[in-house]
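Inside the fold
So the chains spell out like this:
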Amino acid sequence: MNLPIEFEKKMKAFLGDEWDDFLYSYDNNRFQALRFNTLKVQSPEEIMRILKVLGISSDKRVSWANEAYYFDEKVRPGKHPYHEMGLYYIQEPSAMSAAALLAPKPGMRVLDLCAAPGGKSTQLATYLGDNGLLVSNEINTQRSRILSQNIERMGIKNAIVTNEDSFVLASHFPGFFNAIQVDAPCSGEGMFRKLPEAVEQWSMENVAICAARQKEILDNAAVMLKPGGVIVYSTCTFSKEENEDVMEYFLERHPDFTLEEMERFWPHKVDGEGHFVAKLVRRGSVNELDAGYDVCEDSCNKVEDTGLKADRKTKKNKNSKNRKNETKPALTKENMKLLSEFLDETISENMAAWIKNSRLVMFGEQLYRLPDMEVDIKGLKVQRAGLHIGEFKKQRFEPSHSLALALKLSEAKNVVKLTWDDPQTTGFFNGQSVMLSGEQAAECKKGWALVCVDGYPAGWGKVNGTQVKNHYPKGLRNKI
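Quick caveat, the model's predicted, so the values are computed rather than measured. (Residues numbered from 1 in each chain as written. Predicted model: local features only at pLDDT ≥ 70, side-chain atom pairs only at ≥ 80, totals over all residues. Heavy atoms only, no water.)

Some details on the overall build of the protein
Of regular secondary structure, the protein possesses 16 helices and 21 strands. Relative to its length of 480 residues, the protein is compact, with a C-alpha radius of gyration of 23 Å against a globular reference of 23 Å. For the protein, the C-alpha atoms occupy an extent of roughly 70 × 50 × 40 Å along the three principal directions. Evaluated residue by residue, the protein yields a buried proportion of 56% over its 480 residues. Pairs at least 24 apart in sequence give 73% of the contacts found in the protein among residues at least 6 apart. By element, 47% of the accessible surface of the protein is carried by carbon and sulfur atoms, the whole surface being about 21300 Å². (Helix = DSSP H or I, 4+ residues; strand = E, 2+ residues; numbered from the N terminus. Rg over C-alpha atoms; globule rule 2.2 N^0.38 Å. Buried < 20%, exposed > 50% of the residue type's maximum accessible area, 1.4 Å probe, protein only. Contact = heavy atoms within 4.5 Å. Areas by Shrake-Rupley, 256 points an atom, 1.4 Å probe, with all protein chains shown as cover.)

Here it is, written out as structure tokens:
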């Protein structure tokens, strides 16, 4: 690989005797891994079964992450039905270290500030379970949509996806979060093997620009953290200017923080592309039993005293027209009737009550269930406001794909059962109808049914006799 000359000079000086080993690492194949979604796959026996189906060795574990395994290039887990159902997330191995270092507890308020495409957010969600709040933010609109799709695929119920500048969020959420992940935009030196364009775009000028942006984002993150809270800062670059130097700047500017851990994952020392992680803790204490609900009432709430900066070139008014969420906080009687009919016919009693006895909000005709932990999203640009339940159409309610992937087999009354190696499974993911055997047709009622593969939800179908009409989203088809 032809590396930039300035990059080579800088890294030679930084690494000293390790430079040759570092350089030789570029000649190796890049490492790939998948991390199981423990919101769905929980038993060790089931993980072993899935690994066997995929042809992945259970011996090749990623040591710094829960239930994560390396796989060879010849294995293609991204083309398997299990991937589309959100049973695992494919992620660069060393990138898994950041969320593992933050490791939030259930019940916490957690922010992933630079979240797309969603690897760290989906990992953080497994620590929270269904108990707590995850706000996943991405400043780039297109990337925020990809983030939202991955939140949906993994069946996460308690996440809000926003598309905002960190300055806007800091103004909106002072002293609100217990834990914040900042996987900062960087010069991407750890991506050189994966993305040749990262080599072409690298320059010392860009390193300096990235470092300035990282400092601004961290300043804004500090405003949003409670006393006793934790920020984990990470990058996929090797530049000291974007890592240790940023930590030095932050600690000088914020004397109420301490640096508890800092580690580099070098590609010549670990099986990964490389990562930098640092754990920053704010002094103070939070009652663990009330971790998500107490309010910071000291100077961390005073936005004007924190040196807030915008990480965009301009600071837009958060109350401008394009920022407003035109939500309807309550359902009409007619819509509640349509929803209740669907839930009573299709969903288990407990799950139906979980949906109906909650804070429901309308975005146009789209129905969302907000997370149990109260959060104000008014005035923010929101891609996903909790769990998308479905859409009201002419005299009917149509369930969302998000709801399907968030359910468990036991939470559906009407189920179409397939196996991963059934040809009809591939057909379902490509938009084809499913034909039921006589036995299955006798078990399934007419109407909405949850199509499951090996016991995991794949999407919705509509049963009519021996035929199940496909309702798998058109934009997700033809990936297997």
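On we go.
Description of the nonpolar core
If you look at the biggest cluster of nonpolar residues, it comprises 42 residues, and the most contacted ones within it are Leu 113, Ile 180, Val 182, Leu 218, Met 224 and Ile 231. It is helix α10 (residues 204-223) that contributes the most residues to this core, 5 residues altogether. In terms of nonpolar packing, the next biggest core, distinct from the first, is built from 32 residues, Ile 50, Leu 51, Val 463 and Leu 476 among them. (Core = buried A, V, L, I, M, F, W, Y, C linked by side-chain atoms within 4.5 Å.)

With respect to the state of the cysteines
Under the definition given, this model contains 0 disulfides. Here Cys 114 stays free of any disulfide, with the sulfur of Cys 186 as its closest cysteine sulfur at 10 Å. In this structure Cys 210 is a free cysteine whose sulfur lies 6.5 Å from that of Cys 186, the closest cysteine sulfur available. (Disulfide = S-S within 2.5 Å.)

Regarding the sheet that holds strand β3 (residues 88-91)
The strand order across the open sheet built from 3 strands is β2-β1-β3, with neighbouring strands paired in antiparallel fashion. On the outer flanks of this sheet lie β2 (68-70) and β3, each paired with one strand and no other. Going from strand to strand, the sheet's axes swing by 25 degrees on average, the running direction of each strand aside. Docked against the sheet, helix α3 (residues 44-54) engages β1 (33-36), β2 and β3, running at close to 150 degrees with respect to β1. (Pairing = 2+ DSSP bridges. Axes fitted to C-alpha atoms, helices over the stretch in contact; angles between N-to-C directions.)

Some remarks on the side chain of Lys 10
Along the chain, the position of Lys 10 falls in helix α1 (residues 5-15). Residues contacting Lys 10, with those up to four places away along its chain left out, are Glu 189, Trp 202, Met 204, Val 207, Ser 239 and Glu 241.

Structural notes on the environment of Arg 282
Note that Arg 282 resides in strand β10 (residues 275-282). The class of Arg 282 is buried, set by a relative accessible area of 9%. Residues Arg 282 and His 254, spaced 28 residues apart in sequence, show a C-alpha to C-alpha distance of 9.0 Å. Separated by 2.9 Å, the side chains of Arg 282 and Asp 256 make a polar contact. (Polar contact = N/O pair within 3.5 Å; in protein donor to acceptor, adjacent residues only side chain to side chain.)

Overview of the packing of aromatic side chains
The description of two aromatic rings rests on the distance between their centres and on the angle between their planes. Within the structure shown, the criterion is met by 26 aromatic pairs. An angle of 50 degrees between the planes, with centres 6.4 Å apart, marks the rings of Phe 7 and Phe 22 as tilted. Taken as a pair, Phe 7 in helix α1 and Phe 22 in helix α2 (residues 19-24) lie far apart in primary sequence, 15 residues in all. Across this residue pair, the class does not change: Phe 7 and Phe 22 are buried. Aromatic pair Phe 22 and Tyr 26: ring centres 5.4 Å apart, planes at 90 degrees, arrangement edge-to-face. We note that Phe 22, like Tyr 26, is buried. Through successive ring pairs, a cluster of aromatic residues spans Phe 7, Phe 14, Trp 19, Phe 22, Tyr 26, Phe 192, Trp 202, Phe 238 and Trp 266. Here the basic side chain of Arg 109 rests over the ring of Phe 176, its NZ or CZ set 4.0 Å away from the ring centre. (Phe/Tyr/Trp six-rings, centres within 6.5 Å; stacked < 30°, edge-to-face > 60°. Lys NZ or Arg CZ within 6 Å of the ring centre and 35° of its normal.)

Here we look at the environment of Ala 125
Structurally, Ala 125 can be placed in helix α6 (residues 119-128). Exposure remark for Ala 125: the relative accessible area of 1% places this residue in the buried category. Linking Ala 125 and Lys 157, residues 32 residues apart in sequence, is a C-alpha distance of 9.2 Å. Sequence-distant contacts of Ala 125, that is, excluding residues within four places in its chain, are made with Leu 39, Leu 134 and Ile 156.

Focus on unusual backbone geometry
At the junction of Ala 116 and Pro 117, the peptide bond is cis and its omega measures out at 5 degrees in the coordinates. With respect to the secondary-structure elements, Pro 117 resides in the loop between β4 (109-112) and α6. The phi dihedral of Gln 395 falls on the positive side, at around 55 degrees, and the residue is not glycine. Among the structural elements, Gln 395 can be located in the loop between β15 (387-393) and β16 (396-399). The class of Gln 395 is exposed, set by a relative accessible area of 60%. Positive phi, normally seen in glycine, also occurs at Asp 454, with a value near 55 degrees. Mapping Asp 454 onto the fold places it in the loop between β19 (447-453) and β20 (456-464).

Re α3
Buried within α3 are the following residues: Glu 46, Ile 47, Ile 50, Leu 51 and Leu 54. Buried residues of α3, seen end-on, are gathered within an arc of 140 degrees and therefore sit on one face of the element. In α3, the exposed positions angled more than 90 degrees off the buried face are occupied by Glu 45 and Lys 52. Close packing links the buried residues of α3 with β1, β2, α4 (81-84), β3 and β20. Trailing α3 by a residue or two, Gly 55 shows a phi angle of about 80 degrees, which is positive. (Arc of directions from axis to C-beta.)

Brief notes about the sheet that holds strand β18 (residues 434-435)
Through backbone hydrogen bonds, the strands of a sheet pair up, either in parallel or in antiparallel fashion. Taking strand neighbours across the sheet as the criterion, the 5 strands line up as β17-β19-β20-β21-β18 in an open arrangement whose pairing is mixed. Single-partner strands in this sheet number two, and they are β17 (415-418) and β18. Where β17 meets β19, 4 bridges bridge the pair, whose relative direction is parallel. Residue pairing across strands places Val 415 opposite Leu 450, the latter belonging to β19.

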